[in-house]
Amino acid sequence: MTCEEALPAVATATDHSNMRPEVQAFVADGPLPDWDASEEEIDRCDQQLRAIAKPVTAEEAKALASCFGPDDCYGVAWTLLHLIETGPNPVLTSKPAPGANEWHQRLYDRAVFGGLIA
């Protein structure tokens, strides 16, 4: 399952031909695993994220925002969040719905507290 299939409300485009191959590969692998994943799987996700040069484009940031999993994936979700925040604009400009992924709420809250969203 790709990230967009996991969280379609965040990703807006399915054609990622303008994105760098490293981002395309990460998005294609699907959302971050949860705490039950193997150490190898978590390390692979972490290495994939760290291979993506900063800053990301707006399109890449939106696609990456759809890749959060159910928990912090032993801190890898923070790496993903910080990578997304290198993009040119806040990814989420409206408050996530109640029950939305906690990482989407964090992205939104950080943009509000940072003065990027009124």
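For the structure, see preceding data.
In what follows, the accompanying structure is described. Going along each chain's sequence as written, the residues are numbered from 1 onward. Whole-chain, interface and lining totals are the exception, using all residues; otherwise, since this is a predicted model, local features are given only for residues with pLDDT of at least 70 and side-chain atom pairs are given and counted only at 80 or more. Based on all heavy atoms of the structure, the side-chain values leave hydrogens and waters out of the count.

## Thoughts on the packing of aromatic side chains
- Each aromatic pair joins two rings of Phe, Tyr and Trp (for Trp, the six-membered one) with centres within 6.5 Å, and gets the label stacked for planes under 30 degrees apart, edge-to-face for over 60, and tilted for any other angle. Per the counting criterion, the structure on display carries 3 aromatic pairs.
- On the basis of an interplanar angle of 5 degrees and a centroid distance of 5.7 Å, the ring pair of Phe-68 and Trp-103 is categorised as stacked. Of this pair, Phe-68 sits in the loop between helix H4 (58–65) and helix H5 (76–84) while Trp-103 sits in helix H6 (residues 102–113), and the two are 35 residues apart along the sequence.
- Note on Phe-68: relative accessible area 2%, which makes it buried.
- When accessible area is computed with a 1.4 Å probe and restricted to protein chains, residues below 20% of their type maximum are described as buried, those above 50% as exposed, and intermediate ones as partly exposed. A residue is classified by how much of its surface remains accessible, and Trp-103, at 1% relative accessible area, is buried.
- Plain terms: the ring middles of Trp-78 and Trp-103 are 4.9 Å apart, the flat faces sit at 85 degrees to each other, and that makes the pair edge-to-face. Pair noted here: Trp-78 is in helix H5 and Trp-103 is in helix H6, with a separation of 25 residues, a long-range link. A run of DSSP states H or I qualifies as a helix once it reaches four residues; a run of E qualifies as a strand once it reaches two. Both are numbered from the N-terminal end.

## Examining the packing of helix H3 (residues 39–50) against H5
- To obtain an axis, a line is fitted to C-alpha atoms, over the contacting stretch when the element is a helix, and the angle between two such axes runs from 0 to 180 degrees between their N-to-C directions. Running from N to C, H3 and H5 point in directions that differ by 15 degrees, and their axes come no closer than 10 Å. By the criterion of interaxial angle, the relationship of H3 to H5 is roughly parallel. As for the relative orientation of H3 and H5, their crossing is left-handed in sense. Residues Ile-42, Cys-45, Asp-46, Leu-49 and Arg-50 of H3 form the contact with H5, whose participating residues are Val-76, Thr-79, Leu-80 and Leu-83.
- Amino acids outside the nonpolar list (Ala, Val, Leu, Ile, Met, Phe, Trp, Tyr, Cys, Pro) and the charged list (Asp, Glu, Lys, Arg) are all regarded as polar, and Gly is one of them. For the contact of H3 with H5, a count of residues per class yields 6 nonpolar, 1 polar and 2 charged. Working definition: roughly parallel below 35 degrees, roughly antiparallel above 145 degrees, roughly perpendicular at 65 to 115 degrees, and oblique for all remaining angles. Note: crossing handedness is left-handed where the near helix turns anticlockwise from the far helix by less than a right angle, and right-handed where it turns clockwise. In this description, contact between two residues means that some pair of their heavy atoms is separated by no more than 4.5 Å.

## As for the environment of Ile-42
- Looking at where Ile-42 falls in the secondary structure, it is placed in helix H3.
- Judged by relative accessible area, Ile-42 falls into the buried class, the value being 9%.
- Separated by 32 residues in sequence, Ile-42 and Tyr-74 have C-alpha atoms that sit 7.9 Å apart.
- In contact with Ile-42, other than residues within four places in its own chain, are Pro-33, Asp-34, Ala-37, Cys-73, Tyr-74 and Val-76.

## Examining the pattern of salt bridges
- A pair is scored as a salt bridge if a Lys or Arg side-chain nitrogen falls within 4 Å of a carboxyl oxygen belonging to Asp or Glu. Summed over the entire model, instances satisfying the criterion amount to 5 salt bridges.
- Glu-60 is the partner of Arg-20 in a salt bridge, and the nearest nitrogen-oxygen pair spans 2.8 Å. One end of the pair, Arg-20, is in the loop between helix H1 (3–6) and helix H2 (21–28); the other, Glu-60, is in helix H4, and 40 residues separate them in sequence.
- Its relative accessible area of 24% is what places Arg-20 among the partly exposed residues.
- The residue Arg-110 makes a salt bridge to Glu-85 at a minimum N-O spacing of 2.7 Å.

On their own, these measurements won't tell you what the molecule is for.
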